[in-house]
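An overview of the molecular structure
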Amino acid sequence: VLINALSETERRFRLISDYAPAIIWVCDNDGQRTYVNRAWCDFVGADECRVAAAKATEFVHPDDRVAYRHRLDDLLEDPSPTEIEYRLRRADGTYGWLLERILPRWDTTGGFMGLVASAVDITAIKQSEEVLAKANRRLEEEVARRTAELEQLMRTDPLTGVGNRRRLIEDLDGAIARAVQRGTPLTAIFLDLDHFKKINDVHGHPIGDRVLSRVARTLRANLRDEDLLCRYGGAEFVVILEKTPLLEALRVA
């Protein structure tokens, strides 16, 4: 009667586990897998489950295999419930993500018998997370790009394309700090276009705007890339020359 009862219990377990949608495996206390269910075999494309169980970890993705084996070894040394995410090779050669829940097995006397695990396919969730992460990265990059463009616009004179007064004030502080720290000369050139009001009065503001733009391009062409050129306001421009002594600045002016 006892043998029949045990056989019936075993038959029920295999029936339930083989038709369960979850992937199930069982190992003894030395880590040898003694059972994998039909869902596991169907996932990896194994014809013989007993043979597949013996080399189960070989189906794990190469990048996850070492960590997975170490995790199982740790559980055999210190049994406790845990969860693992890893990739398992499918029958078609691709890899799917599994979320595996592992529990220790104990006998009636408290002796450790091994592990039992069930896993579900979370590939779709992982793919969704990856798509969402990519979208978030693209959004962050776009926000950063737009922010940089906005900051550039806020620091640029829209008419001439050179720096505006805000950029002059902000960058001048840094230039002064560097000059003090390094002990290097720092020179400023202040320019004001003569009789610019007459240009606007006689030829109109559109022509005056063209003059300002042409002057800004001419100034920029005669300066180094590291020199700061800003429109201070109206027909006034300021040039900041770092590491430039007064006599050299006079020549540039």
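Anyway, here's the lowdown on the structure attached to this text. (Residues numbered from 1 in each chain as written. Predicted model: local features only at pLDDT ≥ 70, side-chain atom pairs only at ≥ 80, totals over all residues. Heavy atoms only, no water.)

On the surface, a cluster of negative charge is contributed by Asp73, Asp74, Glu77 and Asp78. Summarising the element assignment, Asp78 is placed in the loop between α4 (62-77) and β3 (82-89). Classification of Asp78 by relative accessible area gives exposed; the value is 55%. (Patch = residues over 30% accessible without salt bridge, like charges linked within 9 Å, V, L, I, M, F, W, Y side chains within 5 Å. Areas by Shrake-Rupley, 256 points an atom, 1.4 Å probe, with all protein chains shown as cover. Salt bridge = Lys/Arg side-chain N within 4 Å of Asp/Glu carboxyl O. Lys, Arg positive; Asp, Glu negative; His and termini not counted. Charge placed at Lys NZ, Arg CZ, Asp CG, Glu CD. Helix = DSSP H or I, 4+ residues; strand = E, 2+ residues; numbered from the N terminus. Buried < 20%, exposed > 50% of the residue type's maximum accessible area, 1.4 Å probe, protein only.)

Moving on, we come to the sheet that holds strand β4 (residues 95-106). Taken together, five strands build an open sheet; the order of strands is β2-β1-β5-β4-β3 and the sheet is antiparallel. Lying at the two open borders of the sheet, with one neighbouring strand each, are β2 (33-36) and β3. If you compare each strand with its neighbour and ignore which way they point, the axes differ by 25° on average. Judged from the three bridges that link them, strand β1 (residues 23-28) and β2 form a sheet pairing that is antiparallel. What sits directly across from Val26, in β2, is Tyr35. Sheet strands touched by α4: β1, β2, β3, β4 and β5 (112-121). Its angle to β3, the strand with the most contacts, is close to 145°. (Pairing = 2+ DSSP bridges. Axes fitted to C-alpha atoms, helices over the stretch in contact; angles between N-to-C directions. Contact = heavy atoms within 4.5 Å.)

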